[in-house]
Amino acid sequence: KSIEKASLIYGAILALIFCLSLYIRAVLPYNSVFGGPFVRFGGNDPWYNMRLVENTLHNFPHRIFFDAFTYYPHGTTVPFAPLFDYLLAVIIWILGLGHPYASLGQHGIEVIGAWYPAVLGAFTVIPVYFIGKELWNRNAGLLSAALIAVLPGQFLSRSLLGFTDHHVAETLFSTIAMLFVIIAIKKVKAEGITFHSFMERDWAPLKASAIYLFLAGFSLGLYYLAWKGAPLFVFVLLIYAVVQYTIDHMRGESTDYLCIIAIPLFIIPLIMLAPVPVFNSPTGIQVLSLILGLLIFLVLGIISFMMNYRGIEPYGYPIAILILAVVSFALLNALAHPLYSRIIGQLHIFTPSESALTVAEIHPMHVFSLYTGRITQGEAYQYFTTCFFVAFAGFAWLGYNIARRFRAEEVLFMVWSAVMLFACFGQNRFAYYYAVNVALLCG
């Protein structure tokens, strides 16, 4: 109803940061993309994504999930999740007033496709700002947004004009999902919502948090629709669940809020994936990861409740979790080995096989150059410059904050950042994820 003067100033600065980010990604490489007789897309996958977009426009609103023109003469399932190219097709269809080839032409469609990743990359500064603001303050948010706008390396290269591939959408949607999970945690804890609130039909506190609970689940669903490897995000949440449940239980605090957040966080994406052909198999890793995430959050909550109810000493909680984990994996391996193998196989993103290492983006990130031994020639410095090392001071400061206040949202951010850093040393491609964490840690 009234806008603070400070809010206007911060909003104006954030808008300038957005413009700077877009300038770096679109204006600087402009001639290399549009300076010839045709639009030069930046690699093999961008060309194939545009093939999917054009096919969708010719058959709008339908998008193919099996491509007869690949793996000739057999054809094969389209390897990409649908949201990135489908959203681009919808944007082009709207701008073309329902007749994109007549209104825009082939060249116009390709121009919009080339701008698409640069705009998505520039938009990433907004959720980064709000994560910084929610975790600490607006100044930290602005500094973080400014850093993600100018950081070199993987995130910049994958959000440049003409690099029309899903990687930039992964970063944007995963960052948005994390933003709303953080806000949901803060709101539910601040409102003091527990299962007792439902039993007493005290709906007022829940109404204040319901929109953020929905947005957390919805944004996670968007991330799943943008990348088939999205179970990585659930892996982060599961590690966080173990850590946060243990902290809360041993400090004698209620863990109800974690269960309350988990229900919409995992069920909404399951509903969103249900109508999509490549995701609606109940044995697919995407569906399994969401079901597993929901079950683990609920089971950890039940264990905490039962131990409190029976008056068992708090230090027994991590022991009970460890025993349950060992027994569960042993039973799963014995009774459903294919399912066990499918779940464990997802951890290979941290330790890729020799055949996978033939792909450049799957090589591990190194701090020192393998050829010269110099830090300045290692991938870590090339991707993040000095921010990579400053971020470790951010880790230390964050650890101090957690030890002093035990804020659940800071614990989540710590786990998220640590997993992304670890993932970079497995595959350098995850540096475009970790860029967000580096920006926030330095901010």
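This one's a predicted model, so the numbers in the text were calculated from it and none came from an experiment.

### A closer look at the overall build of the protein
1) Next: Helix and strand counts for the protein come out as 21 helices and two strands.
2) Next: Relative to its length of 443 residues, the protein is compact, with a C-alpha radius of gyration of 23 Å against a globular reference of 22 Å.
3) Next: If one aligns the C-alpha atoms of the protein with their principal axes, the spans along those axes are about 75 × 55 × 55 Å.
4) Next: Taking all contacts inside the protein whose residues are at least 6 apart in sequence as the whole, residues at least 24 apart take part in 73%.
5) Next: Only carbon and sulfur atoms are counted for the fraction: they give 69% of the accessible area of the protein, which is about 20,700 Å².
6) Next: Taking the 23 positively charged and 21 negatively charged side chains of the protein as two groups, their mean positions are separated by 5 Å.

### Comments concerning the pattern of salt bridges
1) Next: Taken as a whole and judged by the stated rule, the model has nine salt bridges.
2) Next: Here Arg251 and Glu253 are joined by a salt bridge, their closest N and O atoms 2.7 Å apart.
3) Next: Judged by relative accessible area, Arg251 falls into the partly exposed class, the value being 40%.
4) Next: One salt bridge in this structure joins Arg405 and Glu410, with 3.7 Å as the shortest N-O distance.
5) Next: The exposure class of Arg405 is partly exposed, given its relative accessible area of 39%.
6) Next: Glu410 sits in the buried class, given a relative accessible area of 0%.
7) Next: What you see here is one network of salt bridges that share partners, running through Arg405, Arg407, Glu409 and Glu410.

### Observations regarding the packing of helix 7 (residues 125–135) against helix 10 (residues 167–191)
1) Next: Between helix 7 and helix 10, whose axes approach to 9 Å, the crossing angle comes to 25°. By the criterion of interaxial angle, the relationship of helix 7 to helix 10 is roughly parallel. As helix 7 packs across helix 10, the resulting crossing turns out to be left-handed. Listed contacts from helix 10 to Pro127, Val128, Phe130, Ile131, Glu134 and Leu135 of helix 7 are Leu172, Thr175, Ile176, Met178, Leu179, Ile182, Ile183 and Lys186.
2) Next: Of the residues contributing to the contact of helix 7 with helix 10, the split by class is 11 nonpolar, one polar and two charged.

### Quick look at a nonpolar patch on the surface
1) Next: Taken together, the side chains of Met250, Tyr315, Ile319, Ile323, Val327, Leu331 and Leu335 present a nonpolar region at the surface, about 750 Å² in accessible area.
2) Next: With five residues, helix 16 (residues 316–335) is the single largest residue contributor to the nonpolar patch.
3) Next: Among the secondary structure elements, Met250 is positioned in helix 13 (residues 231–250).

### Quick word on the state of the cysteines
1) Next: Enumeration over the complete set of coordinates arrives at zero disulfides.
2) Next: Of all cysteine sulfurs, the one in Cys442 lies closest to Cys387, which takes part in no disulfide; the gap is 4.2 Å.
3) Next: Among the residues examined, Cys387 registers a relative accessible area of 12% and is labelled buried.

### Quick notes on unusual backbone geometry
1) Next: Here the amide bond leading from Phe60 into Pro61 is cis, since omega sits at 10°, within 30 degrees of zero.
2) Next: Looking along the chain, the bond that leaves Tyr72 and enters Pro73 is cis, with omega of 0°.
3) Next: The backbone of Leu97 shows a phi angle near 55°, a positive value even though the residue is not glycine.
4) Next: By the element assignment, Leu97 lies in the loop between helix 4 (83–95) and helix 5 (100–103).
5) Next: Residue class for Leu97 comes out exposed when judged on its relative accessible area of 71%.

### Topic: the side chain of Glu134
1) Next: Relative to the helices and strands, Glu134 is located in helix 7.
2) Next: Residues in contact with Glu134, not counting those within four places in the same chain, are Leu179, Ile182, Ile183, Lys186 and Arg407.

### Observations concerning the confidence of the model for the protein
Reading predicted coordinates in detail is not appropriate for stretches of low pLDDT.
1) Next: Mean pLDDT for the protein: 90, with 99% of residues reaching 70 or above.
2) Next: Averaged pLDDT values over the elements of the protein bottom out at 74 in helix 11 (residues 195–199) and peak at 97 in helix 7.

### A few points about helix 12 (residues 204–226)
1) Next: Here helix 12 is 23 residues long and its end C-alpha atoms lie 35 Å apart, about the 33 Å a rise of 1.5 Å per residue gives.
2) Next: The sharpest bend along helix 12 measures roughly 40° and falls at Ala210.

Cut-offs and rules
- The residue numbers shown here count from 1 along each chain, following its written sequence.
- Residues qualify for local features only when their pLDDT is at least 70, as the model is predicted, and side-chain atom pairs are given and counted only at 80 or more; totals for whole chains, interfaces and linings, by contrast, use all residues.
- Think of the side-chain values as coming from all heavy atoms in the structure, minus any hydrogens and water.
- Secondary structure is summarised from DSSP: a helix means a run of H or I of at least four residues, a strand means a run of E of at least two, and numbering begins at the N terminus for each.
- Radius of gyration means the value over C-alpha atoms here, while the globule rule gives 2.2 Å times the residue count to the 0.38 power.
- The criterion used for residue contact is that any of the two residues' heavy atoms lie within 4.5 Å.
- Computed by Shrake-Rupley with a 1.4 Å probe, the accessible areas treat only the displayed protein chains as cover when residues are assessed.
- Lys and Arg are tallied as positive, Asp and Glu as negative. Neither His nor the chain termini are counted.
- Where a charge lies is defined by one atom per residue type: Lys uses NZ, Arg uses CZ, Asp uses CG and Glu uses CD.
- Just to be clear on terms, a salt bridge is a Lys or Arg side-chain nitrogen sitting within 4 Å of an Asp or Glu carboxyl oxygen.
- Partly exposed describes any residue whose relative accessible area lies between the buried limit of under 20% and the exposed limit of over 50%, with all areas from a 1.4 Å probe on protein chains only and scaled to the type maximum.
- Structural elements are reduced to axes, namely lines fitted to C-alpha atoms, with helices fitted over the stretch in contact, and the angle between N-to-C directions of any two is expressed from 0 to 180 degrees.
- When an angle is under 35 degrees it counts as roughly parallel; over 145 it counts as roughly antiparallel; between 65 and 115 it counts as roughly perpendicular; any other value is oblique.
- Note: crossing handedness is left-handed where the near helix turns anticlockwise from the far helix by less than a right angle, and right-handed where it turns clockwise.
- Any residue that is not Ala, Val, Leu, Ile, Met, Phe, Trp, Tyr, Cys, Pro, Asp, Glu, Lys or Arg is counted as polar, Gly included; the first ten are nonpolar and the last four charged.
- Surface patches are drawn from residues lacking salt bridges whose relative accessible area is over 30%; two like charges belong together within 9 Å, two nonpolar side chains (Val, Leu, Ile, Met, Phe, Trp, Tyr) within 5 Å.
- Two cysteine sulfur atoms make up a disulfide if the distance between them is within 2.5 Å.
- Looking at any residue, its pLDDT shows the predictor's confidence there, from 0 to 100.
- Here, expected helix span is obtained from the residue count minus one, scaled by 1.5 Å.
- Bend is the name given here to the angle between axes fitted to two runs of seven residues, the run ending at a residue and the run starting at it.

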